[in-house]
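Each chain, letter by letter, is given below.
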Amino acid sequence: MTANAPELVLSGGMVHTPNGAAVADVAVRDGKIVGVGSYPDAARRIDCAGLDVLPGVIDSQVHFREPGLEHKEDLESGSRAAVMGGVTAVFEMPNTNPNTDTVMRVHDKLERGHHRMYCDHAFYVGATAENAEELAELERIPGTAGVKIFMGASTGNLLVAEDEQLARVLAHGRRRVAIHAEDEARMNERKGERVEGDPSSHPVWRDDESAMLATRRILRLARQARRPIHILHVTTPAELELIAQHRDIATCEVTPQHLTLAAEDAYPRLGSYAQMNPPIRSAAHRDGLWHWLRQGVPDVIGSDHAPHTKEEKAKRYPASPSGMPGVQTLLPLMLDHVAKGHMTLERLIDMTSAGVQRVFGLVGKGRIATGYDADFTVIDRKGKFTVTEDWVESRCGWSPFTGMELDGRVVGTIVRGHAAMWEGQLANQALGEPLRFAGAL
């Protein structure tokens, strides 16, 4: 072996680079990509013949529930679910107990996650009326994904509902702000639309207009503040049409759940297990999201992984909590959509890697290119896969997609040159590190 041989070579796979896809080797040294081409000499080789080597999948919206809600999930179990599903990095949300809304609490999460999480990670800072003036400092802490605003109440007590408070939050800082856009005042007015014991009334209560009102408001406020925003888990085609007219300040996300499930089937079949915020809506809504996805409007796919225990989800609606696990099924579900012709693999790669890098200013992630981190998601496009409960690594122990037979299979998850998962086997140790962002170096 030559002196400067790579430490690791992924050999003979269909490698998806910014140049396109081609059968090649990828060479790795010190956790970085050192070349794509032919590398017969290596300390260690992973045979990827017949497989596709994608840039590492990044899930930019997960709730791993630690601290305070570890009976549902924690950073270790959530990250196990991530790498089992091919996800190499996650952005974790701030609605924990206590909320992630101070310097001390951000550092606490970073310490908890370091080498306890199997994937790389960043943590959002939750905006409140109380910490608005401190957000410019908080968003620059290394390892922070930016600021998150909840315009409508969801799990937890982070809520910034009034225009005056929202304007204060947007006035402090420069990085792109992530938005949960549901209008709190309208939802409070419509609480009478909830039917006890009937989760199918959830999208009647939290209706299209609740989402559209909030999205209109935050677009207007963001433009006034000259602040870029990222609207999470968009559920209505009308919102995507509107966001398309504001691309200078707004990016957005769709979830696999809203692209896969439809109210007409989901609520009768799953009951409160289909309950999330914003809600699973009609098949017409789902088809409309696909239309705008094909028009290039959504920038990223995030799972909004938000687990609750079976006991909690079994409560009678509306006492049942909103949210479902999703980090482990994000890629398997979307590979099935690729196989069914709903989208191209190239578009999926963009929405789970390069798109995330562009939107958030990630450093060294999002593409297979020399000098970037050696993060790879290895898949078998010809493989078949069935979602089973015993495959689910999330502490909640369930998935709304249990029993689904999917085309396409995740083979391996490689994080900075370390195989965090290969053929269903987790690595012996967790080596996750904080992500780096251009706005927080």
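In what follows, the structure referred to is the one given above.
Residues numbered from 1 in each chain as written. Predicted model: local features only at pLDDT ≥ 70, side-chain atom pairs only at ≥ 80, totals over all residues. Heavy atoms only, no water.

(A) Geometry of empty space enclosed by the protein. With the rule as written, the count across this model stands at five cavities of 30 Å³ or more. Estimates place the volume of the second largest cavity at around 70 Å³. Looking at the second largest cavity, the residues that line it are A81, H305, P325, G326, V327, Q328, T329, W391, V392, S394, W398 and S399. Counted by class, the lining of the second largest cavity contains six nonpolar, six polar and no charged residues. (1 Å grid on protein atoms, 1.4 Å probe; cavity = no way out; pocket = protein on both sides within 12 Å on 5 of 7 lines; lining within 4 Å. Points joined across faces, edges and corners; volume = space filled by probe spheres on them. Nonpolar A, V, L, I, M, F, W, Y, C, P; charged D, E, K, R; others polar.)

(B) Molecular detail of the sheet that holds strand β13 (residues 300-301). With parallel pairing, the eight strands of this open sheet are ordered in space as β6-β7-β8-β9-β10-β11-β12-β13. Two strands close off the open sheet at either side, each with one partner strand: β6 (57-62) and β13. As judged from the four bridges shared by strand β7 (residues 87-92) and strand β8 (residues 120-126), these two strands associate in the parallel manner. Across the sheet, F91 pairs through a bridge with A122, a residue of β8. Its contacts with the sheet place helix α2 (residues 103-113) against β7, β8 and β9 (144-150), and it is angled at close to 160 degrees to β8. (Pairing = 2+ DSSP bridges. Helix = DSSP H or I, 4+ residues; strand = E, 2+ residues; numbered from the N terminus. Contact = heavy atoms within 4.5 Å. Axes fitted to C-alpha atoms, helices over the stretch in contact; angles between N-to-C directions.)

(C) Quick look at the packing of aromatic side chains. Per the stated rule, a full pass over the model turns up five aromatic pairs. Between the aromatic rings of F91 and Y124, the centroid separation amounts to 6.3 Å while the plane-to-plane angle is 65 degrees, which identifies the pairing as edge-to-face. Of this pair, F91 sits in strand β7 while Y124 is found in strand β8, placing the two residues 33 residues apart along the sequence. Take F91 and Y124: they sit in the same class, and that class is buried. Ring plane angle 80 degrees and centroid distance 5.1 Å describe the contact between F91 and F360, whose orientation is recorded as edge-to-face. Within this pair, whereas F91 is found in strand β7, its partner F360 is found in helix α14 (residues 345-360), the two being separated by 269 residues in sequence. In textbook terms, an aromatic cluster arises when at least three aromatic residues are bridged by ring pairs, as seen for F91, Y124, F360 and F437. (Phe/Tyr/Trp six-rings, centres within 6.5 Å; stacked < 30°, edge-to-face > 60°. Buried < 20%, exposed > 50% of the residue type's maximum accessible area, 1.4 Å probe, protein only.)

(D) The arrangement of the pattern of salt bridges in detail. The tally for this structure, following the rule as stated, stands at 38 salt bridges. When the shortest N-O distance is used, the salt bridge between R80 and E76 registers 2.5 Å. With R80 and E76 both in helix α1 (residues 75-84) and four residues apart, the pair spans about one turn of that helix. For D248, the salt bridge identified is with R223, shortest N-O distance 2.9 Å. Linking D248 in the loop between α8 (237-243) and β12 (250-254) with R223 in helix α7 (residues 208-225), this pair joins segments that are 25 residues apart in sequence. With a relative accessible area of 56%, D248 lands in the exposed category. (Salt bridge = Lys/Arg side-chain N within 4 Å of Asp/Glu carboxyl O.)

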